[in-house]
Amino acid sequence: MVMKLHILPVLAFISIGLASPAFAASSDWFDTEGGEIRLVTEDKADESGILRGVLEIVLRPGWKTYWMDPGDAGVPPQVDISASRDVSSAVIRFPAPRRFDDGYAVWAGYKDHVLLAIEFEVGDFPLLEADVFLGVCEKICIPVQTRFSIDPYAVSADGAEAKTVEDAFAGLPKAADETFRLHALELTTGETLRARTTNPAIDGNKELFIASAEGWYFGTPKLSEDGQVFDVPILGRPKNTGDDVKFNYTLISGADAVSGTTTISTAKSN
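Residues numbered from 1 in each chain as written. Predicted model: local features only at pLDDT ≥ 70, side-chain atom pairs only at ≥ 80, totals over all residues. Heavy atoms only, no water.

**Q** Give me the lowdown on the overall build of the chain, citing residues and values where you can.
**A** A tally of helices and strands in the chain yields one helix and 21 strands. For the chain, the residues scored as buried account for 47% of the 270 residues in total. Considering only residue pairs separated by 6 or more positions, the chain has 66% of its internal contacts joining residues 24 or more positions apart. Accessible area of the chain: about 13600 Å², with a carbon and sulfur share of 51%. (Helix = DSSP H or I, 4+ residues; strand = E, 2+ residues; numbered from the N terminus. Buried < 20%, exposed > 50% of the residue type's maximum accessible area, 1.4 Å probe, protein only. Contact = heavy atoms within 4.5 Å. Areas by Shrake-Rupley, 256 points an atom, 1.4 Å probe, with all protein chains shown as cover.)

**Q** Which residues make up unusual backbone geometry, and what values go with them?
**A** One non-glycine residue, D86, adopts positive backbone phi at about 60 degrees. Relative to the helices and strands, D86 is located in strand β8 (residues 85-93). Even without being glycine, D112 reaches a positive phi, approximately 65 degrees. Along the chain, the position of D112 falls in the loop between β10 (106-111) and β11 (113-137). Overall, D112 belongs to the partly exposed group, its relative accessible area being 45%.

**Q** With reference to specific residues and values, describe the state of the cysteines.
**A** Within this structure, the stated rule accounts for one disulfide. Shown here is the disulfide that connects C137 with C141, its sulfur atoms set 2.0 Å apart. Across the S-S bond of C137 and C141 the torsion is about 105 degrees, and the bridge reads as right-handed. The class of C137 is buried, set by a relative accessible area of 2%. We classify C141 as partly exposed; its relative accessible area is 36%. (Disulfide = S-S within 2.5 Å.)

**Q** Explain the pairing of strand β9 (residues 98-101) residue by residue, including any values.
**A** When β9 meets β10, the two strands line up antiparallel, connected through four bridges. Each residue of the ladder has a partner; that of R98, found in β10, is G109. Hairpin geometry of β9 and β10 is characterised by an intervening segment of four residues between the two adjacent antiparallel strands and by a positive phi of about 100 degrees at G103. (Pairing = 2+ DSSP bridges.)

**Q** Break down the pattern of salt bridges for me, with residues and values.
**A** For the structure on display, the rule yields 13 salt bridges. Where E56 meets R38, a salt bridge forms, and the shortest distance between an N and an O atom there is 2.7 Å. Pair noted here: E56 is in strand β5 (residues 50-59) and R38 is in strand β4 (residues 35-42), with a separation of 18 residues, a long-range link. Comparing E56 with R38, the two get one shared label, buried. In this structure, E166 and R52 form a salt bridge, with 2.7 Å as the shortest nitrogen-oxygen distance. Taken together, the positions of E166 in helix α1 (residues 160-170) and R52 in strand β5 put the pair 114 residues apart, joining distant regions of the chain. Note on E166: relative accessible area 41%, which makes it partly exposed. Through salt bridges with shared partners, a single network forms among R38, E56 and E161. (Salt bridge = Lys/Arg side-chain N within 4 Å of Asp/Glu carboxyl O.)

Now the structure itself:
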């Protein structure tokens, strides 16, 4: 599903400034046909070694990019930090997506200005070499691949980039709780997942976005009349999944959204 391209290095070494909680490090912008992309990080990690960052994507009018589940033909955003120094992991955290219908498929993603929050686990002297891969789409989809290099402990001249990081994390869905969550997920047939939810009883938009490991692809969930149960069409799934499968979800009710994870057993259906 993912095309392999030659990496085009975009190296951005940041000048040294005065350390401050209001400062951050930023790469240069990488320009592609559908827009511009850059990587920003805070200037220091927290006590647990987590360095917050953001992949900032500014899309041109008419262009879009994907959520974590891109459907059966899309490209999910990926960040590979294997070439980095003293960086052990990178976890992308996604804002609530919206659905797009491009005439031949319905899929989840974003348009305009997108902030993908990233949590990097770092040591004492990190140097980020982040290989970024994502798809941007207008009438057709274009795979974009580039490398951003950042010394997180070198800082910019002002605090604008730090606000970008703050905005990215502030814009994430809240953690699911007992009053607003997906509380049961079952495989009713080989072609449908049934998701039972608890969410605010409002007259407004209610949507479920669900994703799992590579090889699972889903159609648009259909909401029941009581506003609490979604039937999720399975468009594709791996033949052998093991006994338990972890699913990530984002649940939207009106202007509010939560994210969480759940696990189901698929042993009987394999």
